[in-house]
Amino acid sequence: MTKLQDKVAIITGGAGGIGSGMAKAMAKEGAIVAIVDLNEEMGLATEAELQKYSPKSFFIKANLMEHANLKNIVKTVVEKCGKIDILVNNAHVSKQVPLEDTTQEHLDLSFGTSFYPTFYLMQAALPYLKETKGNIINFASGAGLDGHKTQGAYAAAKEAIRGLSRVAANEWGEFGINVNIISPLAYTPGVEAWSKAQPEYYEQVRKQVPLGRFGDVEQDIGRAAVFLASADSSYITGQTIMVDGGSIMLH
Ligand SMILES: NC(=O)c1ccc[n+]([C@@H]2O[C@H](COP(=O)([O-])OP(=O)(O)OC[C@H]3O[C@@H](n4cnc5c(N)ncnc54)[C@H](O)[C@@H]3O)[C@@H](O)[C@H]2O)c1
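Residues numbered from 1 in each chain as written. Predicted model: local features only at pLDDT ≥ 70, side-chain atom pairs only at ≥ 80, totals over all residues. Heavy atoms only, no water.

1. Focus on the pattern of salt bridges
Reasoning step 1: Using the criterion set out here, one finds eleven salt bridges in the structure.
Reasoning step 2: Lys3 is the salt-bridge partner of Asp232, the closest N and O atoms lying 2.5 Å from each other. Residue Asp232 is found in the loop between helix 10 (217–229) and strand 7 (240–243), and its partner Lys3 is found in the segment before strand 1 (8–12); the two are separated by 229 residues along the sequence.
Reasoning step 3: In this structure, the salt-bridge partner of Glu203 is Arg206, at a minimum N-O distance of 2.4 Å. Of this pair, Glu203 and Arg206 are both found in helix 9 (residues 199–207), three residues apart, which corresponds to roughly one turn of the helix.
Reasoning step 4: Residue Arg206 is classed as partly exposed on the basis of its relative accessible area, which comes to 23%. (Salt bridge = Lys/Arg side-chain N within 4 Å of Asp/Glu carboxyl O. Helix = DSSP H or I, 4+ residues; strand = E, 2+ residues; numbered from the N terminus. Buried < 20%, exposed > 50% of the residue type's maximum accessible area, 1.4 Å probe, protein only.)

This is the structure in structure tokens:
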């Protein structure tokens, strides 16, 4: 499999969950993947796994909340690999709180781990993505599209990312850069913990997915990310791709 042979990809939050699934799918297609994460233990474990398929893949330990340092992530990857073809802004952390109890701290955590790093990494990577006619993949959520209760800080950041992505698709289309958004549903460690804590609620949610299951981080979300990062999707930009078993159908 060589859809991404020698392409250089940056994936934020790539140590675990959907990020590591996408990293594995891309590494198996020949990409050199730089996973950026705060969790060093998981980062190094995922790095070792990626190197089985793509020996030059590596882990960068970084806190995405430190926005002034985001340029260094791009600098490190360019110094090591000489270029950037794919930027995947996947990481996001937030707390579930009703709107009336949502504080500046909740907003800062949600926007600070998602919207701001997405924006600053896109800006810092732009000169290199122009050179490669690269691809950007950002992350949305059904919670943002549907406005789920208790998800104010999360939904607002997710929808801000979708707006930003459409503007970038318009501004950067002339450079041959594609900017798309994945709205996923996947069985991650967080979902696993929740399924064990509230098995009946989990079952109820699972049954409402038209395809009857949560997605696999590598086989479902990772393969969709490979498609969006490859030449197969070269005429798709500014779109939100629902990789959620049909849970939400845009019209
Ligand atoms: N899992 C789902 O079903 C689902 C549904 C809708 C949207 N999403 C979105 O998909 C994306 C991935 O979701 P996931 O479930 O795999 O998330 P996750 O919480 O399992 O993984 C997030 C990763 O980001 C890293 N991280 C957290 N804070 C960081 C920081 N400050 N600096 C660097 N790294 C940091 C974590 O260590 C972790 O590896 C997110 O944008 C999420 O909002 C997921």
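2. Observations concerning the packing of helix 1 (residues 17–28) against helix 2 (residues 40–53)
Reasoning step 1: Between helix 1 and helix 2, the least distance of the axes is 8 Å, while the angle of their chain directions is 20 degrees. With respect to their mutual orientation, helix 1 and helix 2 come out roughly parallel. When the axes of helix 1 and helix 2 are compared, the crossing they make is right-handed. Where helix 1 approaches helix 2, its residues Ser20, Ala23, Lys24, Ala27 and Lys28 are matched on the opposing element by Thr46, Glu49, Leu50 and Tyr53.
Reasoning step 2: In terms of residue class, the contact of helix 1 with helix 2 is made up of four nonpolar, two polar and three charged. (Axes fitted to C-alpha atoms, helices over the stretch in contact; angles between N-to-C directions. Parallel < 35°, antiparallel > 145°, perpendicular 65-115°, else oblique. Left-handed = near helix turned anticlockwise from the far one by under 90°. Contact = heavy atoms within 4.5 Å. Nonpolar A, V, L, I, M, F, W, Y, C, P; charged D, E, K, R; others polar.)

3. Some words on unusual backbone geometry
Reasoning step 1: Here Lys133, not a glycine, exhibits a phi torsion of approximately 50 degrees, which is positive.
Reasoning step 2: Relative to the elements of secondary structure, Lys133 occurs in the loop between helix 5 (115–132) and strand 5 (135–139).
Reasoning step 3: At Thr150, a position not held by glycine, the phi torsion is positive, near 70 degrees.
Reasoning step 4: Among the structural elements, Thr150 can be located in the loop between helix 6 (142–146) and helix 7 (152–172).
Reasoning step 5: For Thr150, a relative accessible area of 31% corresponds to the partly exposed category.

4. Side note on the sheet that holds strand 2 (residues 32–37)
Reasoning step 1: Ordered by their spatial adjacency, seven strands build an open sheet running 3-2-1-4-5-6-7, and the pairing between neighbours is parallel. Each edge of the open sheet carries a strand with a single partner, namely strand 3 (58–61) and strand 7. Between one strand axis and the next, the sheet turns through 20 degrees on average, direction left out of account.
Reasoning step 2: Taken together, the three bridges between strand 1 and strand 4 (residues 86–89) define a ladder with parallel strand orientation. Note on strand 4: the bridge partner recorded for Ala9 is Ile86.
Reasoning step 3: Of the strands in this sheet, strand 1, strand 2, strand 4, strand 5 and strand 6 (178–184) touch helix 1, which is tilted by about 170 degrees from strand 1. (Pairing = 2+ DSSP bridges.)

5. Comments concerning helix 1
Because the α-helix completes a turn every 3.6 residues, residues three or four places apart line up on one side.
Reasoning step 1: With twelve residues, helix 1 should cover 16 Å at 1.5 Å per step; its first-to-last C-alpha distance of 17 Å lies within 8% of that length.
Reasoning step 2: Along helix 1, eleven of the twelve residues are buried, which leaves the element largely enclosed by surrounding structure.
Reasoning step 3: Taken together, the buried positions of helix 1 are Gly17, Ile18, Gly19, Ser20, Gly21, Met22, Ala23, Lys24, Ala25, Met26 and Ala27.
Reasoning step 4: At the C-terminal side of helix 1, Gly30 shows a positive phi close to 95 degrees. (Expected span 1.5 Å × (residues − 1).)

6. Concerning the nonpolar core
Reasoning step 1: Grouped together as the largest cluster of nonpolar side chains are 34 residues, with contacts concentrated most on Ile60, Ile73, Val77, Ile84, Met122 and Ile136.
Reasoning step 2: Elements with a minimum of two residues in this core: strand 1, strand 2, strand 3, helix 3 (70–81), helix 5 and helix 7.
Reasoning step 3: Sort the elements by how many residues they give to this core and helix 5 lands first, with seven residues.
Reasoning step 4: In this view, Ile60 contacts Ala34, Ile35, Val36, Asp37, Ile73, Thr76 and Val77; residues no more than four positions away in its chain are not counted. (Core = buried A, V, L, I, M, F, W, Y, C linked by side-chain atoms within 4.5 Å.)

7. Focus: the side chain of Thr46
Reasoning step 1: By the element assignment, Thr46 lies in helix 2.
Reasoning step 2: Look at Thr46 and you get buried, because its relative accessible area is 7%.
Reasoning step 3: Those residues in contact with Thr46, other than ones at most four positions away along the chain, are Gly14, Ala15, Ser20 and Ile35.

8. A word on the packing of helix 3 against helix 5
Reasoning step 1: For the pair helix 3 and helix 5, the least separation of the axes is 9 Å and the interaxial angle reads 40 degrees. In this structure, helix 3 meets helix 5 at a crossing whose hand is right-handed. In contact with Leu70, Lys71, Ile73, Val74 and Val78 of helix 3, helix 5 contributes Tyr116, Pro117, Tyr120, Leu121, Ala124, Ala125 and Tyr128.
Reasoning step 2: Taken together, the residues of the contact of helix 3 with helix 5 break down into eleven nonpolar, no polar and one charged.

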